[in-house]
Amino acid sequence: MTDLIIKICGLSTEETMQAALDAGADMVGLMFFPKSPRHVSLSEACKLADMARGKAEIVALTVNMDLDGLSRINELVNPDIFQFHGSETPEACAAAKVMYRKKVMKAVPVSEQADLEQAQFYSIVADWILFDAKPPEGSELPGGNGVSYDWTLLKGLDLAKPFMLSGGLDPSNVAEAIAKSGVTAVDVSSGVEREKGVKDSELIRAFVAAARGAQAVSGSNFS
């Protein structure tokens, strides 16, 4: 049986980072995007990354960041994975992977079946594909908007690389999302917040428990 991978993204305090680690999150995401309410400074990110190192994979989320910014994150925070959540090209993903010797996760926005096609191009170079909901009209944030899409679009999807379901997940619907999509990896951000940008430790624990419970119920899907 393949274990379900759970990623808690947009962590910004020591309390909620500890909650994610104690709950058994496999990946923890740090947001480097000033427009986001989940943005962390480099000094804050270093403290949070030190808490997680060796316990969960550290994911640095960036949006169309220049090489200077990526280099500073790589040197100071030393993440395990760079998550590119903007319009970065496959070539840019490949270049970062070689330059920083880190795994790369590329977010692909989804609202309909045709949107899945661009994932094929990124799957050649990225280590992970993250399928997130397309942001609402006028939103400045490419993700973390709390909106979802038809999870059945991912059912039976054959990619060269592992992929993750994101977008509108929370403790109350993650089990349904896993069942409908058949995915073996899920990501949450706004769904474990008590207000925008403010994570809630209890919701984090509830999300992880609900996701693990879904795996136990439908374990045959993870073989």
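Our subject in this report is the structure included herewith.

Each value, and the rule that gives it
- Residues numbered from 1 in each chain as written.
- Predicted model: local features only at pLDDT ≥ 70, side-chain atom pairs only at ≥ 80, totals over all residues.
- Heavy atoms only, no water.
- Helix = DSSP H or I, 4+ residues; strand = E, 2+ residues; numbered from the N terminus.
- Buried < 20%, exposed > 50% of the residue type's maximum accessible area, 1.4 Å probe, protein only.
- Contact = heavy atoms within 4.5 Å.
- Areas by Shrake-Rupley, 256 points an atom, 1.4 Å probe, with all protein chains shown as cover.
- Core = buried A, V, L, I, M, F, W, Y, C linked by side-chain atoms within 4.5 Å.
- Salt bridge = Lys/Arg side-chain N within 4 Å of Asp/Glu carboxyl O.
- Arc of directions from axis to C-beta.
- Axes fitted to C-alpha atoms, helices over the stretch in contact; angles between N-to-C directions.
- Parallel < 35°, antiparallel > 145°, perpendicular 65-115°, else oblique.
- Left-handed = near helix turned anticlockwise from the far one by under 90°.
- Nonpolar A, V, L, I, M, F, W, Y, C, P; charged D, E, K, R; others polar.
- Polar contact = N/O pair within 3.5 Å; in protein donor to acceptor, adjacent residues only side chain to side chain.

**Description of the overall build of the protein**
Okay, step 1: The number of helices and strands found in the protein is 7 helices and 10 strands.
Okay, step 2: Of all 223 residues assigned to the protein, the portion counted as buried reaches 51%.
Okay, step 3: Here the analysis covers contacts within the protein between residues at least 6 apart in sequence; of these, 58% occur between residues at least 24 apart.
Okay, step 4: Looking at the protein as shown, the accessible area adds up to about 9,800 Å², and 51% of this sits on carbon and sulfur atoms.

**Some remarks on the nonpolar core**
Okay, step 1: Ile8, Val28, Leu30 and Phe131 are the most contacted members of the largest nonpolar core, which has 60 residues in total.
Okay, step 2: Look past the residues within four positions of Leu30 in its chain and what remains in contact with it is Leu11, Met17, Val40, Ala45, Leu48, Ala49, Ile58, Val59, Ala60, Leu61 and Val77.

**Notes on the pattern of salt bridges**
Okay, step 1: Counted by the stated rule, this structure contains 11 salt bridges.
Okay, step 2: One salt bridge connects Asp127 with Lys97, and the closest N-O pair in it is separated by 3.3 Å. Residue Asp127 is located in the loop between helix H5 (117–123) and strand E6 (128–133), and its partner Lys97 is located in helix H4 (residues 90–100); the two are separated by 30 residues in the primary sequence.
Okay, step 3: Looking at Asp127, the relative accessible area reads 18%, which means it is buried.
Okay, step 4: Where Glu202 meets Arg205, a salt bridge forms, and the shortest distance between an N and an O atom there is 2.7 Å. Here Arg205 and Glu202 lie together in helix H7 (residues 201–217), a separation of 3 residues that amounts to about one turn.
Okay, step 5: For Glu202, a relative accessible area of 51% corresponds to the exposed category.
Okay, step 6: Residues participating in the shared-partner salt-bridge network are Arg38, Glu193 and Lys199.

**Side note on helix H2 (residues 42–52)**
Okay, step 1: Restricting attention to buried positions, one finds in H2 the residues Ala45, Leu48, Ala49, Met51 and Ala52. Projected onto a plane normal to the axis of H2, the buried residues spread over an arc of 150 degrees and lie on a single side. What points out from H2, more than 90 degrees from its buried face, is the exposed set Lys47 and Asp50.
Okay, step 2: Where the residues of H2 are buried, they touch helix H1 (14–23), strand E2 (27–32) and strand E3 (57–62).

**What about the packing of H1 against H2?**
Okay, step 1: The geometry of H1 relative to H2 is characterised by a closest axis approach of 10 Å and an angle of 25 degrees between their N-to-C directions. Here H1 is positioned roughly parallel relative to H2, judged by the angle of their axes. In this structure, H1 meets H2 at a crossing whose hand is right-handed. When H1 is examined against H2, the residues Glu14, Met17, Gln18 and Leu21 are found in contact with a partner set consisting of Lys47, Leu48, Met51 and Ala52.
Okay, step 2: Of the residues in the contact of H1 with H2, the class split is 5 nonpolar, 1 polar and 2 charged.

**Observations concerning the side chain of His85**
Okay, step 1: Tracing the sequence through the fold places His85 in the loop between strand E4 (81–84) and H4.
Okay, step 2: Among the polar contacts listed, one links the side chain of His85 to the side chain of Gln83, at a separation of 2.9 Å.
Okay, step 3: Separated by 3.1 Å, the side chains of His85 and Asp132 make a polar contact.

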